[in-house]
Amino acid sequence: MFFLIAYISSVVLINYAFSSAPHLDIIWSAWGGLVFVLRDMVQTRFGHGALAAMLVALVLSYVTSDPSIALASATAFAVSECIDWLVFSITKRPLHDRLWISSALSIPLDTFIFFGMIDAFTPAVILTAMGSKFAGVTVVWLIMAWRLRNQAVAS
């Protein structure tokens with residue numbers, strides 16, 4: 001339940017932050033990595049129920065943030081969630097691999113769509129956003145792989 005609340009709150013807060021202080025876009029873009037990690041944690045615990053969490057977060061974002069930011073967020077999330085759904089549904093790889101594969105495919109699209117729609121498409125913002133997202137998902141991947149390896153050794 002912690003990850004679910006943290007995910008929804010982070011989406012709403014990051015959209016509010018982009019709306020209220022767009023000049024700090026490089027800071028908010030770094031925060032995006034946390035949102036992707038939280039989304040992955042929600043997906044591992046709730047499966048496709050993560051889509052409902054995304055919808056709640058986006059409705060709250062629309063109410064609390066600039067509607068254009070909420071629309072950009074919704075569009076970017078919709079594309080990345082479709083990619084995640086395909087990877088999670090089609091591949092038979094271990095969970096930690098599916099998380100990394102889906103992120104490798106969805107992170108660039110999510111980043112380009114969101115920052116393109118809010119007119120913040122600068123090299124610094126794009127590199128910061130993608131770097132933080134890939135760093136976050138790689139840390140999660142390493143932790144999950146380490147746990148899987150330790151479970152195999154213990155068995």
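Structure's up top.
First, a word on scope: everything that follows refers to the structure included in this document. The structure presented is a predicted model; accordingly, all values stated were derived computationally and were not measured.

Describing a nonpolar patch on the surface
Taken together, the side chains of L24, I26 and I27 present a nonpolar region at the surface, about 220 Å² in accessible area. Locating I26 in the fold gives a position in helix α2 (residues 25-46).

Here's the deal with empty space enclosed by the protein
According to the stated counting rule, one finds one cavity of 30 Å³ or more in the structure shown. One number sums up the size of the largest cavity: a volume of about 190 Å³. Together, 17 residues line the largest cavity, and I14, G32, D110, F114 and K133 are the ones closest to its centre. Broken down by secondary-structure element, the contributors of at least two residues to the lining of the largest cavity are α1 (2-20), α2, α4 (67-90), α5 (95-117) and α6 (123-154). A per-element tally of the lining of the largest cavity places α2 first, with five residues. Residue composition of the lining of the largest cavity, grouped by class: eleven nonpolar, four polar and two charged.

Some words on the packing of α2 against α5
The geometry of α2 relative to α5 is characterised by a closest axis approach of 11 Å and an angle of 140° between their N-to-C directions. The orientation of α2 relative to α5 falls into the category oblique. Relative to α5, α2 is oriented so that their crossing is right-handed. Residue-level contacts link S29, F36, R39, D40, Q43 and T44 of α2 to L95, L99, S103, S106, I107, D110 and F115 of α5.

What about the layout of surface pockets?
Here the largest pocket defines a volume of roughly 300 Å³. Lining the largest pocket are 14 residues, and of these M41, V140, I143, M144 and R147 lie nearest its centre. Counting residues per element, the ones that place at least two in the lining of the largest pocket are α2, α5 and α6. With six residues, α6 is the single largest residue contributor to the lining of the largest pocket.

Digging into the packing of aromatic side chains
Within the structure shown, the criterion is met by seven aromatic pairs. When the ring of F18 is compared with that of F115, the centres are 5.7 Å apart and the planes differ by 65°; the resulting orientation is edge-to-face. Linking F18 in helix α1 with F115 in helix α5, this pair joins segments that are 97 residues apart in sequence. Each member of the pair, F18 as well as F115, carries the same accessibility label: buried. Their ring planes at 50° and their centres at 5.5 Å tell us that F112 and F121 sit as a pair that is tilted. Residue F112 is classed as partly exposed on the basis of its relative accessible area, which comes to 37%. Taken together, the ring pairs connect F18, F114 and F115 into an aromatic cluster.

Rules used throughout
Residues numbered from 1 in each chain as written. Predicted model: local features only at pLDDT ≥ 70, side-chain atom pairs only at ≥ 80, totals over all residues. Heavy atoms only, no water. Patch = residues over 30% accessible without salt bridge, like charges linked within 9 Å, V, L, I, M, F, W, Y side chains within 5 Å. Areas by Shrake-Rupley, 256 points an atom, 1.4 Å probe, with all protein chains shown as cover. Salt bridge = Lys/Arg side-chain N within 4 Å of Asp/Glu carboxyl O. Helix = DSSP H or I, 4+ residues; strand = E, 2+ residues; numbered from the N terminus. 1 Å grid on protein atoms, 1.4 Å probe; cavity = no way out; pocket = protein on both sides within 12 Å on 5 of 7 lines; lining within 4 Å. Points joined across faces, edges and corners; volume = space filled by probe spheres on them. Nonpolar A, V, L, I, M, F, W, Y, C, P; charged D, E, K, R; others polar. Axes fitted to C-alpha atoms, helices over the stretch in contact; angles between N-to-C directions. Parallel < 35°, antiparallel > 145°, perpendicular 65-115°, else oblique. Left-handed = near helix turned anticlockwise from the far one by under 90°. Contact = heavy atoms within 4.5 Å. Phe/Tyr/Trp six-rings, centres within 6.5 Å; stacked < 30°, edge-to-face > 60°. Buried < 20%, exposed > 50% of the residue type's maximum accessible area, 1.4 Å probe, protein only.

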